[in-house]
Amino acid sequence: MGIRDLIFGSGDTYDYGSLCALTNPFSRSKPAPVRFYARDEPIPLLLAALMGLQHAFAMVGGLITPPLVVFKFTVCGFPFCPDLQQYAISAALITSGICSFINVTKIPIPGTKYFIGSGLLSVMGTSFTFLPIFEIAIQQMKNDGISGEDAYGKMLGTSMVCCFLELAFSLLPINLIKKAFPPVVSSVTVILIGVALTGTGMKYWGGGVVCAEMGWKEHAQIKAAGYTFGPPTPFCANGETSLPYGSTEYVALGFSVMAFLVVIELFGSIFMKNCNVILALLFGYFVAGVSRYDNEGVSQKYVSAELIESADPVQFLWTKTFNLGFYAPAVIPLLIAYLVTTVESIGDISATFEASQLDTEGKDYEESIQGGLTADAVSSLLSGLFTTLPNTTFSQNNGVISMTKCASTRAGYACGTWLILMGVFGKVAGLLTSIPDCVLGGMTIFLFSNVLVSGINLANKSNLQSRRTKFIFALSLAIGVGVTVWPYAFLDMRASGYTAAFWKCADCSNGLKGLRNAVSIFLSTGYCVGTVVALLLNAVLPEDAEVEMAEKKADGPESFKDDEVDEA
């Protein structure tokens, strides 16, 4: 094989044009067939680089959001800390690249029948599942006088300990796990995660999370009474501007992202559709960059170049470090989160098998599930050591496989390489942190709602005509969505520790405070309490009577009549 064949491939075997051809939404002609590239096909380097770039772009928007949210609005809060935000983004990108290498490579564990890694084009990224828990727990620790950075270190250490639960699950038979967590339970969990995250995205869209939560300071009765407060204020800083939450200017900038998402969906090529989130985000960033706000004759920018200029040219892991610790109140919520990611990963890997046109039964499938769950646990452990949130499989990349028709693991290695390069070049993190919150909100609310849609899609695998199933959905979602929409029945308001009426504990002992905080985190995290309710109901509720009667009727008409007489 020559250099040209190694880079471009031989002859007309590989079609690069179909990736970039724009879509005509008004055409009635049938699209031309596209060749499928199998899991073990040694595709040329250029094609692998292009396919890997699509996977990297498809996940980068979702990958950077959890660390950005945690550091900007929870670890730091007001005043913000752009240097830590930039490090967190770089660390997340580098870690995801390294963990993707592990998962794409199916590594046998010597002396056992087990593996680390799924051996598929299944990439890893920072999990949304842990975001609400990190936010609530760090805020509680800050209320106790612990610094944001130390609180983050404690959560990293606690997460590393709890990840061994998923490692234990990886050694169990797959059928046993599926029986314990049927679609009616896992779909409730994913729906509630999507609801919680979409609410956070809405806060971004209006200008920012902190200023959204400070809106009460603008209440007419408070202002009429003459009360004054220090920062943080209900005014959102985006670049040089400082406007009230929900200002028309901020909403319009966020809407530009959504409008471009629609344009891509109508006219975009395969490449553009796979990268729609990052492309729409960059378009909104461009609109914000060329726009100006007229503040009484003073022209103010929505984008400040200072964050890009101050970013380190080269970044890597451990240039910022955090003292690892342990926070007992977060253990139960984190264990539930790892239960959730176990179920999600089984579904993600199964979907990857289907997208890769592989059989979802047999030894190869079971080995990939076991290896993938083990890779999840190992990656989450490494993530703590690498100073970032837990890493798990990224489900949206299955859509990239389906659209590009490429399941070759070479594309997975290329994706990991792109992610590491993006993380190493610090100016990329500087660029991402300079994006206004309102623009980021236009992207995140769409991205987070996709999690909600995934949960609804998963619910279709349940028998939605069953009274039992509908009851489980209704009660678990009633509690989970209710807590998500208004968590302050059990959660302390920002900067108001131990004031929630359900258990005021300002004068409690440290041990009792820890127990109270654990209960508060559990009850105020919608998907935690909703998942437990769904698990309990699934365990105790009998199957519908109609199903039992239909089964008896199949045994013969006489036995069915006898049952009717007995019941009468």
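The rules behind these values
Residues numbered from 1 in each chain as written. Predicted model: local features only at pLDDT ≥ 70, side-chain atom pairs only at ≥ 80, totals over all residues. Heavy atoms only, no water. Helix = DSSP H or I, 4+ residues; strand = E, 2+ residues; numbered from the N terminus. Buried < 20%, exposed > 50% of the residue type's maximum accessible area, 1.4 Å probe, protein only. Contact = heavy atoms within 4.5 Å. Areas by Shrake-Rupley, 256 points an atom, 1.4 Å probe, with all protein chains shown as cover. Salt bridge = Lys/Arg side-chain N within 4 Å of Asp/Glu carboxyl O. Pairing = 2+ DSSP bridges. Disulfide = S-S within 2.5 Å. Polar contact = N/O pair within 3.5 Å; in protein donor to acceptor, adjacent residues only side chain to side chain. Patch = residues over 30% accessible without salt bridge, like charges linked within 9 Å, V, L, I, M, F, W, Y side chains within 5 Å.

*Asks:* Describe the overall build of the chain, and please don't skip the residues or the numbers.
*Replies:* Scanning the chain from terminus to terminus reveals 26 helices and eight strands. Across the 568 residues of the chain, 52% fall into the buried class. In the chain, 78% of the contacts between residues at least 6 apart in sequence involve partners at least 24 apart. Just so you have it, the chain exposes about 24900 Å², and 63% of that area is on carbon and sulfur atoms.

*Asks:* Describe the pattern of salt bridges, with residues and values.
*Replies:* For the structure on display, the rule yields seven salt bridges. Lys 320 is paired through a salt bridge with Asp 83; the nearest N and O atoms lie 3.7 Å apart. Residue Lys 320 is located in the loop between helix H15 (306–310) and helix H16 (331–355), and its partner Asp 83 is located in helix H4 (residues 82–104); the two are separated by 237 residues in the primary sequence. Residue Asp 83 is classed as partly exposed on the basis of its relative accessible area, which comes to 40%. Close ionic contact of Lys 363 with Glu 367 constitutes a salt bridge, the shortest N to O distance being 3.9 Å. Taken as a pair, Lys 363 and Glu 367 lie in helix H17 (residues 363–385) at a separation of four residues, close to a single helical turn. Assessed through its relative accessible area of 64%, Lys 363 is described here as exposed. What makes Glu 367 buried here is its relative accessible area of 19%.

*Asks:* Just give me the short version of the pairing of strand E4 (residues 235–238), but keep the residues and values in it.
*Replies:* Only one face of E4 is covered, namely the one carrying Cys 236 and Asn 238; the face carrying Phe 235 and Ala 237 has none of its residues buried. Here E4 pairs with strand E5 (residues 241–244) via four bridges, running antiparallel. Considered in E5, the bridge of Cys 236 is made with Leu 243. Turn length for the E4-E5 hairpin, with the two strands adjacent in sequence and antiparallel, is two residues, and the turn residue Gly 239 shows positive phi of about 70 degrees.

*Asks:* How would you explain the state of the cysteines if you had to name every residue and give the values?
*Replies:* Scanning all chains against the criterion turns up one disulfide. Disulfide pairing is shown between Cys 76 and Cys 81; the S-S distance is 1.5 Å. The sign of the S-S torsion, about 85 degrees, decides the handedness of the disulfide formed by Cys 76 and Cys 81: right-handed. Judged by its relative accessible area of 15%, Cys 76 falls in the buried class. This cysteine, Cys 438, is not joined by any disulfide, and Cys 236 carries the nearest cysteine sulfur, 8.8 Å off. For Cys 438, a relative accessible area of 0% corresponds to the buried category.

*Asks:* Go over the environment of Ala 56, please, and point to the residues and values.
*Replies:* When you line up the elements, Ala 56 lands in helix H3 (residues 45–76). Ala 56 sits in the buried class, given a relative accessible area of 0%. With residues near it in sequence (within four places) discarded, Ala 56 still touches Cys 415, Trp 418, Leu 419 and Met 422.

*Asks:* I'd love a proper account of the side chain of Ser 408, names of residues and values included.
*Replies:* Structurally, Ser 408 can be placed in the loop between helix H18 (397–404) and helix H19 (409–424). For Ser 408, a relative accessible area of 0% translates into the label buried. In terms of polar contacts, Ser 408 uses its side chain to reach the backbone carbonyl oxygen of Glu 41, at 2.8 Å. Beyond its immediate chain neighbours, meaning those up to four positions away, Ser 408 contacts Tyr 37, Ala 38, Arg 39, Glu 41, Ile 43 and Leu 121.

*Asks:* If you had to explain a nonpolar patch on the surface to someone new, which residues and values would you point to?
*Replies:* The grouping of Ile 3, Leu 6, Ile 7, Phe 8 and Leu 45 at the surface amounts to a nonpolar patch, some 440 Å² of accessible area in total. Ranked by residue count, the leading element in the nonpolar patch is helix H1 (residues 3–8), at four residues. Secondary-structure assignment places Leu 6 in helix H1. A residue is classified by how much of its surface remains accessible, and Leu 6, at 34% relative accessible area, is partly exposed.

*Asks:* Just give me the short version of the environment of Ala 48, but keep the residues and values in it.
*Replies:* The residue Ala 48 is located in helix H3 in this model. Taking C-alpha positions, Ala 48 is 5.8 Å from Arg 410, a pair spaced 362 residues apart along the chain. Residues within four places of Ala 48 in sequence aside, it is in contact with Ile 43, Arg 410, Ala 411 and Ala 414.

*Asks:* Outline unusual backbone geometry, supporting the account with residue identities and numerical values.
*Replies:* The phi dihedral of Glu 296 is positive, around 55 degrees, even though this residue is not glycine. Residue position: Glu 296 is located in the loop between strand E6 (292–295) and strand E7 (298–301). A relative accessible area of 79% means that Glu 296 is categorised as exposed. Its identity as a non-glycine residue notwithstanding, Gln 357 has a phi of 60 degrees, on the positive side. Counting through the fold element by element, Gln 357 comes out in the loop between H16 and H17. A relative accessible area of 59% means that Gln 357 is categorised as exposed.

*Asks:* Go over the side chain of Ser 476 with me, naming the residues and quoting the values.
*Replies:* Within the secondary structure, Ser 476 sits in helix H22 (residues 467–485). If near-sequence neighbours (up to four positions away) are discounted, Ser 476 is found in contact with Val 188, Leu 192, Gly 530, Val 533 and Ala 534.

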